[in-house]
Amino acid sequence: MPAPLPAHLEVAPGALWFREALDREAQAALLADIRAVLEEAPLFTPAMPRTGKPFSVRMSNCGPLGWVSDAAGYRYQPFHPNTRAPWPAMPPALAALWTTYAAVPAPPEACLINYYGPDARMSLHQDRDEADFTAPVLALSLGDTALFRIGGETRGGATRSIRLASGDIFLLSGPSRLAFHGIDRILPGTSTLLAEGGRFNLTLRRVNPAT
Ligand code: MD3
Ligand code: FE
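Further remarks concern the sheet that holds strand E10 (residues 160-164). The antiparallel open sheet is built from four strands, whose spatial order is E7-E12-E9-E10. Every other strand in the sheet has two partners, leaving strand E7 (122-125) and E10 as the edge strands with one partner each. Recorded for the sheet is a direction-independent mean angle of 25° between the axes of neighbouring strands. Bridge analysis of E7 against strand E12 (residues 181-186) gives two bridges, and the strand direction is antiparallel. Among the inter-strand pairings, histidine 125 is bridged to a residue of E12, identified as histidine 181.

This is the structure:
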């Protein structure tokens, strides 16, 4: 029998919010794993396709594939855009979260690491660069609280705002997998987890259909 899902709120069909999923010790351990990844694969500044306008969010990845964006477009690729080195391996503790919360047999292929300084934002978008939308996306917040906005599958519909705090896990499955979403802003000074302040958000994803 599959293990039962930990306690959660379903904020929209298939959008599951696990508040305080991780205690401080588990958050600190995952943060140390992410710091080790970033030693090998430093945060880079993505740019918008066509215009080349820089994102305010800085990014890196671990796992076999990583999401990148530059003037040529959005895509997944197996190497860092600046160092050209393969992405670091997925830390086992992150893969374990996928087993517990995503509950699909195929392992995650990418972990996108977003870093938000005090003024970073992410405008409303859909995640549709993956070749397979059947698997969920698992998001983990570490550090300052973020004002996260989520709507439906069409732009311009009703949205709701959710405060994602350090240690919260958010799972997007089923109808929510293609929901419009973004980060309106972060609330500086709301967490002491990161010495430098700001927020990391990690998203675990499948990119290709499981064979
Ligand atoms: C809803 N990240 O990396 S996490 C992203 O906090 C992204 O950094 C935000 O949007 C962040 O693409 C939001 C929550 C999240 C992640 C993936 C989703 C919500 C989602 C995919 C589909 C629908
Ligand atoms: Fe997204």
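The full count for this structure, using the stated rule, is seven salt bridges. Measuring nitrogen to oxygen at the nearest pair gives 3.0 Å for the salt bridge that ties arginine 205 to aspartate 127. Taken together, the residues arginine 205 in strand E13 (residues 199-205) and aspartate 127 in the loop between E7 and strand E8 (137-143) connect sequence positions 78 residues apart. Of the charged contacts, one joins arginine 205 and glutamate 130 as a salt bridge, the two residues approaching to 3.1 Å between their closest N and O atoms. With arginine 205 in strand E13 and glutamate 130 in the loop between E7 and E8, this pair connects stretches of sequence that are 75 residues apart. When sorted by exposure, arginine 205 lands in the same class as glutamate 130, which is buried. Among the charged side chains, a network of salt bridges with common partners joins Asp127, Glu130, Arg177 and Arg205.

Positive phi outside glycine occurs at arginine 84, with the angle close to 65°. Inspection of the secondary structure assignment puts arginine 84 in the loop between strand E5 (73-77) and helix H2 (92-102). One non-glycine residue, alanine 103, lies in positive phi territory at about 55°. The residue alanine 103 is located in the loop between H2 and strand E6 (110-116) in this model.

Our next topic: the site of ligand 1. Taken together, 19 residues surround ligand 1, and among them Asn114, Tyr116, Asp127, His181 and Arg199 come closest. Histidine 181 places a side-chain nitrogen or oxygen 2.9 Å from an oxygen atom of ligand 1. At a separation of 2.8 Å, an oxygen atom of ligand 1 approaches a polar side-chain atom of arginine 199. Contact with the protein chains hides 98% of the accessible area of ligand 1, taken as 490 Å² for the molecule alone. Put simply, ligand 1 lies in the largest pocket. Elements represented by at least two residues in the shell around ligand 1 include exactly E6, E7, E8, E12 and E13. Looking at the shell around ligand 1, the element that brings in the most residues is E13, giving four residues. Class assignment for the residues of the shell around ligand 1 results in nine nonpolar, six polar and four charged.

Reading the values: the criteria
Residues numbered from 1 in each chain as written. Chains lettered and ligands numbered in written order. Predicted model: local features only at pLDDT ≥ 70, side-chain atom pairs only at ≥ 80, totals over all residues. Heavy atoms only, no water. Pairing = 2+ DSSP bridges. Helix = DSSP H or I, 4+ residues; strand = E, 2+ residues; numbered from the N terminus. Axes fitted to C-alpha atoms, helices over the stretch in contact; angles between N-to-C directions. Salt bridge = Lys/Arg side-chain N within 4 Å of Asp/Glu carboxyl O. Buried < 20%, exposed > 50% of the residue type's maximum accessible area, 1.4 Å probe, protein only. Near = heavy atom within 4 Å. Polar contact = N/O pair within 3.5 Å; in protein donor to acceptor, adjacent residues only side chain to side chain. Areas by Shrake-Rupley, 256 points an atom, 1.4 Å probe, with all protein chains shown as cover. 1 Å grid on protein atoms, 1.4 Å probe; cavity = no way out; pocket = protein on both sides within 12 Å on 5 of 7 lines; lining within 4 Å. Sits in = over half its atoms within 2 Å of the grid points. Nonpolar A, V, L, I, M, F, W, Y, C, P; charged D, E, K, R; others polar.

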